[in-house]
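Survey of secondary and tertiary structure
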Amino acid sequence: MRERFWEMVREAAQDEADAVSLYRRMADAAPCRAIAHSIEDIARDEMQHFNYFESLLCSRQERGRNPRERRRKDTPYGRTLTIPTISDPYPPIQVEGPNPEYARLLLDDYAGMVSEMTAINQYLFHHFDMPEELADAAQLLEEVAIVEMHHMEILAELIKLLGQPPMYMDGQGLFWNATFVPYLPGCPCEQLQSDIHAEQIAIETYRRHMELIDDRYIKEILARIIMDEELHLHLFNEAYEKYCGGHTDR
Ligand SMILES: [Fe+2]
Ligand SMILES: [Fe+2]
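So, a few notes on the structure that sits alongside this text. (Residues numbered from 1 in each chain as written. Chains lettered and ligands numbered in written order. Predicted model: local features only at pLDDT ≥ 70, side-chain atom pairs only at ≥ 80, totals over all residues.)

1. Topic: unusual backbone geometry
Positive phi is not limited to glycine here, since Leu 184 has a value of about 50 degrees. You can see Leu 184 is positioned in the loop between α5 (135–161) and α6 (188–212). Classification of Leu 184 by C-beta neighbours within 10 Å gives partly exposed; the count is 18. (Helix = DSSP H or I, 4+ residues; strand = E, 2+ residues; numbered from the N terminus. Buried ≥ 20, exposed ≤ 12 C-beta atoms within 10 Å, placed from the backbone.)

2. Brief notes about the packing of helix α1 (residues 2–29) against helix α2 (residues 33–60)
In contact at an axis separation of 8 Å, α1 and α2 are set at 155 degrees when each is read in the N-to-C sense. In terms of their interaxial angle, α1 and α2 are classed as roughly antiparallel. Considering how the two elements wind past one another, α1 and α2 form a crossing that is left-handed. Along the lines of polarity and charge, the residues of the contact of α1 with α2 split into 19 nonpolar, 1 polar and 7 charged. (Axes fitted to C-alpha atoms, helices over the stretch in contact; angles between N-to-C directions. Parallel < 35°, antiparallel > 145°, perpendicular 65-115°, else oblique. Left-handed = near helix turned anticlockwise from the far one by under 90°. Nonpolar A, V, L, I, M, F, W, Y, C, P; charged D, E, K, R; others polar.)

3. Regarding the environment of Val 144
Examined against the element boundaries, Val 144 turns out to sit in helix α5. Assessed through the 26 C-beta atoms surrounding it within 10 Å, Val 144 is described here as buried. Placed 32 residues apart in sequence, Val 144 and Trp 176 show a C-alpha to C-alpha distance of 20 Å. Ignoring any residue separated from it by four or fewer positions in sequence, one finds Val 144 in contact with Ile 83, Tyr 123 and His 232. (Contact = placed C-beta atoms within 7 Å.)

Pasting the structure below:
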């Protein structure tokens, strides 16, 4: 009887996937934008249903309990960075033991409102949007985003070791969303200000979490991440001074 239920869930997931693909084709063929928008809305709803059925199927699987051995990365994501970086290696990624409370704190750093996830998307957007005269600042933003990806990966590993799946949500279960990014299109100085602000908040939050987390391995890792964030703060301040004619005191 139970097996029949799971077969039905699989069928439902397939039907939803077929519906999404049909509605997308319909939206492309729609005679006007208004109809296309409405059909795209329907497709999005169906996509959520599809995701729900898939998550049911996923929750049924036996999940691997042993995290993969991670390959140490000397150059994050295969890029040789041109910006200054901290030479101290990152401490090994380990925890004293599973702890849902610590996982919740790290989820805030991982994909909360001001988080590594937001920093990556914020710096990338600012990189895309920088005018040509600020090519140096554009490159700085892209490379700092790459370092933030490395931080995000480290946090994902820690959250897994602490016993939680590293989904894109904060410690309260609020999903990350693209409105967390201060876009400020066409305003490079305001963008740099908000990047400086993001690094200041990151440093404060990591320091607070270091006090709240009584696990020596995590403390060491957060201390190493803070060193990167302090360097980013310095680099963003330098760029601001160079292009926007004054040191920020925010
Ligand atoms: Fe970071
Ligand atoms: Fe940073």
